[in-house]
Amino acid sequence: MRGQFTGWPEQAMDVLWQLQGEPTHATRERYRADRERLVRQPMIALLNEVADTDPRYEDFSVWHYRTDSWWWQHQGAVIRLGRKIEINLRFSLDGLRIQGAWWYPDPGQVDAFRRAVASEGSGRELSAIVEDVRKKGYDLSGDVMKRPPRGYPTDHPRTNLLRHRSLIAARPLGCEEWLHTPEAVDRVLSAAADLDALLMWLVRHVKRAA
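The following refers to the structure shown. Here the structure is a predicted model, which means the values were calculated and not measured. (Residues numbered from 1 in each chain as written. Predicted model: local features only at pLDDT ≥ 70, side-chain atom pairs only at ≥ 80, totals over all residues. Heavy atoms only, no water.)

## A few points about the side chain of Thr 27
Then, number 1: Positionally, Thr 27 belongs in helix H2 (residues 25-53).
Then, number 2: Judged by its relative accessible area of 15%, Thr 27 falls in the buried class.
Then, number 3: A polar contact is formed between the side chain of Thr 27 and the side chain of Thr 24, at a distance of 3.0 Å.
Then, number 4: Each residue touching Thr 27, except ones within four places of it in the same chain, is listed here: Gln 18 and Leu 19. (Helix = DSSP H or I, 4+ residues; strand = E, 2+ residues; numbered from the N terminus. Buried < 20%, exposed > 50% of the residue type's maximum accessible area, 1.4 Å probe, protein only. Polar contact = N/O pair within 3.5 Å; in protein donor to acceptor, adjacent residues only side chain to side chain. Contact = heavy atoms within 4.5 Å.)

## Some points on the nonpolar core
Then, number 1: Counting residues in each nonpolar core, the largest one holds 63 residues, and the members touching the most others are Trp 8, Leu 46, Phe 91, Leu 96, Phe 113 and Leu 202.
Then, number 2: The greatest single-element share of this core, amounting to 14 residues, is contributed by helix H7 (residues 183-206).
Then, number 3: With near-sequence residues (within four places) excluded, Phe 113 lies in contact with Trp 102, Leu 126, Leu 161, His 164, Leu 167, Trp 201, Leu 202 and Val 206. (Core = buried A, V, L, I, M, F, W, Y, C linked by side-chain atoms within 4.5 Å.)

## Quick notes on the layout of surface pockets
Then, number 1: Estimated volume of the largest pocket: approximately 370 Å³.
Then, number 2: If you trace the largest pocket, you find 18 residues lining it, with Trp 63, Glu 86, Asn 88, Gln 99 and Trp 103 closest to the centre.
Then, number 3: Elements with a contribution of two residues or more to the lining of the largest pocket: helix H3 (70-73), strand S2 (75-82), strand S3 (85-92) and strand S4 (95-102).
Then, number 4: For the lining of the largest pocket, the class distribution of residues is 9 nonpolar, 4 polar and 5 charged.
Then, number 5: Ser 127, Val 130, Glu 131, Arg 134, His 156, Pro 157, Arg 158, Thr 159, Asn 160, Leu 161 and His 164 together form the lining of the second largest pocket.
Then, number 6: Elements that contribute at least two residues to the lining of the second largest pocket include exactly helix H5 (120-135) and helix H6 (159-162). (1 Å grid on protein atoms, 1.4 Å probe; cavity = no way out; pocket = protein on both sides within 12 Å on 5 of 7 lines; lining within 4 Å. Points joined across faces, edges and corners; volume = space filled by probe spheres on them. Nonpolar A, V, L, I, M, F, W, Y, C, P; charged D, E, K, R; others polar.)

## What about the packing of helix H4 (residues 109-118) against H7?
Then, number 1: Relative orientation of the contacting elements H4 and H7 amounts to 110°, with a least axis distance of 9 Å. The angle between the axes of H4 and H7 places the two elements in the roughly perpendicular class. The two elements H4 and H7 meet at a crossing, and its hand is right-handed. Packed against H4, whose contacting residues are Gln 109, Ala 112, Phe 113, Ala 116 and Val 117, the element H7 presents Trp 201, Leu 202, His 205 and Val 206 at the interface.
Then, number 2: Counted by class, the contact of H4 with H7 contains 7 nonpolar, 2 polar and no charged residues. (Axes fitted to C-alpha atoms, helices over the stretch in contact; angles between N-to-C directions. Parallel < 35°, antiparallel > 145°, perpendicular 65-115°, else oblique. Left-handed = near helix turned anticlockwise from the far one by under 90°.)

Written out as structure tokens, the structure is:
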């Protein structure tokens, strides 16, 4: 049911501004309650609405604060779609950022990824998906080897993908007025739809590797 998320209040930016640099312990404590109410709780409300829209997005976490000042200046959240396959959101003074990621792989996942990339059907499918994601404005990155892995020809048509030991597609969603309105839910859902083919490919081919 839509309606619980109304956007991040404009005062949320004021709180994050006060926490820039290396805020002292006293400064952090002074703004802790405001940060929880104005920054973290809206992220929880947004992800509850996203999960209400699609049950695949129900397994999510919204991070608390840590000793590093970066975590006070950036509100992170994760939606888990499979083992080490997830959507990450980050809210900060720069606005909202999203990424779809397969990273920090379990043993066996990299080998499973490479087999799927090398296979003609699944490999061609991933190449087309990656190209489409790039055209939509996402930066593709990850842990990439300098050379193709052993056991695969150096002239393989998908050698660039074979070199990946993780795969991340990310882009900023912006810092416009919609961030302070319920429209932010639709922006996140639209971006999640952009990433869906990539993430579901990863779920099918590397999720259960061990």
